[in-house]
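# Fold and contact review
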Amino acid sequence: MKEEAIRKYAGLMRELDLTGLEVKEDGYELRLERGGKAVPQAETYVIQDEKPAETKSEEGFVMTSPMVGVFYSSPAENAEPFVKVGSKVRKGDTLCLIEAMKLMNEISAEESGTILEIFASNGKIVEYGAPLFRIGRA
């Protein structure tokens, strides 16, 4: 892996205020940590160079995170969440926000259905490919 790529990932760690980052790309594995202390497993994030396949089941499908960032369930701190377990959604409805590199990205429903499960916690960092919602087919 080239020094330029390593510097890019170190910059990403600073931007997202991460204490650990693990990258698997083009046959290379790189692990970066900062802070001089052991990083708990929950604070280590993995970036893969390929998008994982959607998990499908008889009980619907799992929507995964398209990026690394901070998960927000509502548009503002004291606002109602976009969706709750049991909410009916249509394709294109906003389900959450993910803040990445100081930008708020709306994550929309890929299909219509009912929210069966919410995997991510408000204000917590999600990694690329992490499950966000299980949506039952309409």
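Provided above is the structure to which this section pertains.
Now for a look at the structure at hand. (Residues numbered from 1 in each chain as written. Predicted model: local features only at pLDDT ≥ 70, side-chain atom pairs only at ≥ 80, totals over all residues. Heavy atoms only, no water.)

Membership of the largest hydrophobic core comes to 17 residues, with the highest contact counts inside it found for Leu95, Leu132, Phe133 and Ile135. For Ile135, the contacting residues outside a window of four places in its chain are Glu59, Gly60, Phe61, Met63, Val89, Leu95, Gly113, Thr114, Ile115 and Leu116. Counting residues in hydrophobic clusters, the runner-up holds 12 residues, among them Ala5, Leu21, Val23 and Leu32. (Core = buried A, V, L, I, M, F, W, Y, C linked by side-chain atoms within 4.5 Å. Buried < 20%, exposed > 50% of the residue type's maximum accessible area, 1.4 Å probe, protein only. Contact = heavy atoms within 4.5 Å.)

What follows concerns the packing of aromatic side chains. Inspection of the entire model under this criterion finds 1 aromatic pair. Centroid distance Phe71 to Phe133: 6.1 Å. Interplanar angle 50 degrees. Geometry classified as tilted. Of the two residues, Phe71 sits in strand β6 (residues 69-72) while Phe133 sits in strand β12 (residues 131-137), which places them 62 residues apart along the sequence. Note on Phe71: relative accessible area 1%, which makes it buried. (Phe/Tyr/Trp six-rings, centres within 6.5 Å; stacked < 30°, edge-to-face > 60°. Helix = DSSP H or I, 4+ residues; strand = E, 2+ residues; numbered from the N terminus.)

Two side chains carrying opposite charge are able to pair once their charged atoms lie near each other. Tallying each qualifying case throughout the model produces 4 salt bridges. A salt bridge links Arg137 to Glu111; the nearest nitrogen and oxygen atoms lie 3.2 Å apart. In this pair, Arg137 is assigned in strand β12 and Glu111 in the loop between β9 (103-108) and β10 (113-118), connecting sequence segments 26 residues apart. Assessed through its relative accessible area of 40%, Arg137 is described here as partly exposed. Note that Arg134 is salt-bridged to Glu117, the shortest N-O span being 3.5 Å. Placement of the pair is Arg134 in strand β12 and Glu117 in strand β10, with a sequence separation of 17 residues. (Salt bridge = Lys/Arg side-chain N within 4 Å of Asp/Glu carboxyl O.)

Right, let's get into the pairing of strand β1 (residues 20-25). Note: β1 against strand β2 (residues 28-33), 6 bridges, orientation antiparallel. Paired with Val23 across the bridge in β2 is Leu30. Count of turn residues in the β1/β2 antiparallel hairpin: 2 residues, of which Asp26 carries a positive phi of about 50 degrees. (Pairing = 2+ DSSP bridges.)

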